[in-house]
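These are the residues of each chain, in order.
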Amino acid sequence: MLEVRNLSKTFVIHILGGKSIEGFRGVSFRLCPGEFLGLTGRSGSGKSSVLKCIYGTYLPASGEVWFASERLGRVDLARAGEQAVLRVRDGEMGYVSQFLRVIPRIAAADVVAEPLLRAGSEAGAARRQAAALLERLRIPARLHDAYPSTFSGGEQQRINIARAVIRKPRLLLLDEPTASLDRESQETVIGILRELKEKGTSMIGIFHDRAALEAIADNVLELANGSMEHGRP
Amino acid sequence: MKPLLEIHGLTKLFGSGCGHCLPGGVSPEEGNRCGRCGTVVGCGDVSLMVYPGEVLGVVGESGSGKSTLVRLIHFELDATAGEIYLNNGKEDAARENLLMQSPFRRRQIRSRHMGIVYQNPWLGLRMQVSSGGNIAEKLLAAGWRNVSEIRKRAAFLLERTEIPVNRMDEPPANFSGGMQQRVQIAKALSNNPQVLLLDEVTTGLDLSVQARVLDLIRNLQRELAVAMIVVSHDLGVIRLLCQRTIVMRHGRVVESGLTDQVLEDPRHEYTQLLVSSQL
């Protein structure tokens, strides 16, 4: 599904006189369909940067990111060009960040339904599907018409997850998806991720919480001083 | 996939130019004004593509050439050099550099295939003519002739942009800033344009109105799958609307990429400064 080869990232900061800061280096791994790879390491070790390089939010300094796309065939996302990355993001690759960023004053259910509408779903059906997913994530129906910006951190996090999984992407990148959730919500999220995994979605996740990681990860990759070590959870 | 709009080497110099700065204006290192003859580079060697259904953002500080670029594409200014192609989707259509066409042909292309929304509604609307009349004017230019159909289309568009249809016969001068902006959007979309140009459309609106206009633009974009160029100095607006973004400075494109990449991993010195200056 995904093969990352010798991926590295450096940032050149012009404000600091062109100083070069290393994000991570020499990261390689393979990910099979339905496999969950956990990324661990201290904060600042480059975990989020690895996810962002795969998603295309960061431009890798070197290395390859081979993704087996359904639409485009095998494609190196590190070199594929903007249009190809956009097409892969549109339905095949999802990303859950730590923070929710949405247009103000859009109802929660509409935020979650939007990816379906973009894919051409009928509005009523998309909203019903979004409502069902939110319900499952313990966002009660009375909040579906409210604006996510007024929600608690944990609720916003679940909106973020709902939006990323509603189209069942084939590759899902998760950056601390359960960080601000209580135990029960965390278990619900893990349950949803497990279902996706069983249907073949591959995932790479950063989890703050060791128990959550052990509950779902098949393999673990530890980043230390910007480079990597393989292991089991 | 073929690009819908293709621009190559688009250049606009304000001034006569001299031996020091011709052909393309002073070098980017010198800024945008020639020290010898005073010629200013409004737009220097700008190339870009817009794909069908795509929203392209243009950011940069005031004076960076964003609006000049939009006005060149809309044929409001005559380019000094460059090529613009608008692919109408027909494979066999002759590829014509629009900048080489007659003024009449360019007006025709603009009326039929382009829409524009300005920051200042006074530029896009006749304030004393009814809102319906403003839309009718654009439709007439695009070749519509049947009065009852024009009226129906105007009513439909005003409804879509949340202007009460019973106010269709009122002039925009009676409306609030947010409403005027929505009438402009209705007018710009009336001819089902291939490309919609939005020049700082939410700048100056208060926050609640801004959110509503942004939401409207996003919904219309999704429903109509119209390609857009969104000019804004507000990085938040760009993040919410655009898949790809170009960054301009001194009339030149200094960086381009996926919007999240440009905003989170900017490479050019100027983009880094711009992004780190955001509140």
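Everything in this summary refers to the structure shown in the same document. (Residues numbered from 1 in each chain as written. Chains lettered and ligands numbered in written order. Predicted model: local features only at pLDDT ≥ 70, side-chain atom pairs only at ≥ 80, totals over all residues.)

Points about the overall build of chain A
Scanning chain A for helices and strands turns up 7 helices and 10 strands. Relative to the globule expectation of 17 Å for 233 residues, the C-alpha radius of gyration of chain A, 18 Å, shows essentially globular dimensions. Once the C-alpha set of chain A is aligned to its principal axes, its extents read approximately 50 × 40 × 35 Å. Considering chain A as a whole, with its 233 residues, one finds that 41% of them fall into the buried category. (Helix = DSSP H or I, 4+ residues; strand = E, 2+ residues; numbered from the N terminus. Rg over C-alpha atoms; globule rule 2.2 N^0.38 Å. Buried ≥ 20, exposed ≤ 12 C-beta atoms within 10 Å, placed from the backbone.)

Looking at the packing of helix H5 (residues 153-165) of chain A against helix H6 (residues 183-198) of chain A
Residues and elements named next belong to chain A. Closest axis-to-axis distance for the H5/H6 pair is 12 Å, and the angle between their directions is 10°. One way to sum up the angle between H5 and H6 is to call them roughly parallel. From H5, Gly154, Arg158, Ile161 and Val165 reach across to H6, where they touch Ser185, Val189, Ile192 and Leu196. (Axes fitted to C-alpha atoms, helices over the stretch in contact; angles between N-to-C directions. Parallel < 35°, antiparallel > 145°, perpendicular 65-115°, else oblique. Contact = placed C-beta atoms within 7 Å.)

Quick look at unusual backbone geometry
With glycine set apart, most residues show a phi of negative sign, and most peptide bonds adopt trans. In the segment running from B:Leu22 into B:Pro23, the intervening peptide bond is cis, with an omega of 5°. Here B:Pro23 lies in the loop between strand S1 (5-14) and strand S2 (40-50). Despite not being glycine, A:Lys168 has its phi angle at roughly 45°, a positive value. Look at A:Lys168 and you get partly exposed, because 14 C-beta atoms sit within 10 Å. Positive phi is not limited to glycine here, since B:Glu162 has a value of about 65°. Here B:Glu162 lies in the loop between helix H5 (147-160) and helix H6 (177-189).

Let's talk about helix H3 (residues 108-118) of chain A
All names here are of chain A. For H3, a buried count of 8 out of 11 residues is recorded, marking the element as mostly surrounded by other parts of the structure. Residues of H3 that are buried include every one of Ala108, Ala109, Asp110, Val111, Val112, Ala113, Glu114 and Pro115, and no others. Looking at the buried positions of H3, the neighbouring elements they touch are helix H4 (123-136) and H5. In the stretch just after H3, Gly120 is the one whose phi turns positive, near 100°.

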